[in-house]
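Here's the letter readout for the chains.
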Amino acid sequence: RVFSDMSGQNHITSTLQNAVMMERLSHAYLFTGSRGTGKTTCAKILAKVVNCLSPEDGNPCNKCEICLGIDSGAVLDVTEIDAASNNGVDNIRDLCEGTSFNPSVAKKRVYIIDEVHMLSAGAFNALLKTLEEPPDYVLFILATTEVHKIPSTILSRCQRFDFRRIPAQDIADRLMFVAKQEQIELEEEAALLISRVADGSLRDALSLLDQCASSADKVTVLDVSEVAGLLGKDYLFELSSAINNSDTSKALHILDTLHNTSCDMERLIAELVNHFRNIIITKTAQSPEALIVCTPEELDKLKDTAS
């Protein structure tokens, strides 16, 4: 709801707060980064704070009629569109025509375009004309996971912010906070395992926590391992052992058993490559647990295999 709520993106939130307080806002922002790092959340907070009737230290008050109206969707001056399903030139032309009208209740008309890289070439050209000379009361916020697909003519007219993958410890801290708020009993080790599985995406981490909380009263490392599909990988250790011992017969028997249980062979190869990577990391890195997503028991097995 406010910039300080966002995890792991202080380099962006502090810059935006200062820009709001000093009234040095750009007419167009581009938020780029991997999934679940807070791009759309940040866009919504920015849309609120530029229209808030009584902002507090560069944050929206979340109490005034404009903030409450934006939250409920009643304020039509803030428009959010998904470019994946509205990627045609006509969609963007309609949006750009709306910029010629003054805001009805808010200070600015804000257009949040999510997954903007999905727009067609014609749609980008239609957007470019409005981005070149937008009215003072219009603010564009573009969000994307694939910035390399956006034309340079669009990039040069936006202030770009790169969202980083959120560090595992930051995700774990946020999960512990959310669990306390939602009265979910969550072990710290389980929170850390969720954060490593999520791979820098807080949204994925929260979804996984939600799944785990649905299946158990107290969320443990074992619960997370089951839900995330980390358990039952003994066949990888058996197969790598057979390969290490040049035991072709055993390796073929393991493959035959997996094939008969409908194991996808392409997926097995990918898992085996990842398994060998984990063995190499365990053998070479000083703290492999920071680089490998696995349970403590599995890490011990990897260390034995690596030796």
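Refer to the structure above for everything that follows.
Source: prediction; values computed, not measured.

Cut-offs applied
Residues numbered from 1 in each chain as written. Predicted model: local features only at pLDDT ≥ 70, side-chain atom pairs only at ≥ 80, totals over all residues. Heavy atoms only, no water. Phe/Tyr/Trp six-rings, centres within 6.5 Å; stacked < 30°, edge-to-face > 60°. Lys NZ or Arg CZ within 6 Å of the ring centre and 35° of its normal. Buried < 20%, exposed > 50% of the residue type's maximum accessible area, 1.4 Å probe, protein only. Helix = DSSP H or I, 4+ residues; strand = E, 2+ residues; numbered from the N terminus. Pairing = 2+ DSSP bridges. Contact = heavy atoms within 4.5 Å. Polar contact = N/O pair within 3.5 Å; in protein donor to acceptor, adjacent residues only side chain to side chain.

A word on the packing of aromatic side chains
Argument step 1. What the rule picks out here adds up to five aromatic pairs.
Argument step 2. With a centroid separation of 6.4 Å and 45° between ring planes, the pair formed by Y29 and F31 is classed as tilted.
Argument step 3. Through pairs of rings, three or more aromatic residues link up here, namely Y29, F31, F161 and F163.
Argument step 4. Its guanidinium or amino end placed over the ring of F237, K301 lies 5.3 Å from that ring's centre, counting from NZ or CZ.

Focus on the pairing of strand 1 (residues 28-33)
Argument step 1. Within strand 1, six of the six residues are buried, leaving the element largely enclosed by the surrounding structure.
Argument step 2. What you see with strand 1 is no split at all: A28, L30 and T32 on one side and Y29, F31 and G33 on the other are buried throughout.
Argument step 3. Of the strand pairs in this sheet, strand 1 and strand 4 (residues 138-144) are connected by five bridges, and their pairing is parallel. Within the sheet, the bridge partner assigned to T32 lies in strand 4 and is T144.
Argument step 4. Note that strand 1 and strand 5 (residues 159-163) share five bridges and pair parallel. Bridge pairing in strand 5 places T32 opposite D162.

Overview of helix 10 (residues 221-228)
Argument step 1. For helix 10, the complete set of buried residues consists of V221, D223, V224 and S225.
Argument step 2. The inward-facing, buried residues of helix 10 abut helix 8 (188-198), helix 9 (202-215), strand 7 (218-219) and helix 14 (296-306).
Argument step 3. Remark: G229 follows helix 10 within two positions and exhibits a positive phi of approximately 75°.

Points about the environment of N62
Argument step 1. Mapped onto the elements of the fold, N62 is located in the loop between helix 2 (39-49) and helix 3 (65-72).
Argument step 2. When the C-alpha atoms of N62 and R1 are compared, they prove to be 7.4 Å apart, with 61 residues separating the residues in sequence.
Argument step 3. In contact with N62, not counting residues within four places along its chain, are R1, V2, K48, C67, L68 and D71.
Argument step 4. Here the side chain of N62 touches R1 through a polar contact of 3.2 Å, landing on its backbone oxygen.

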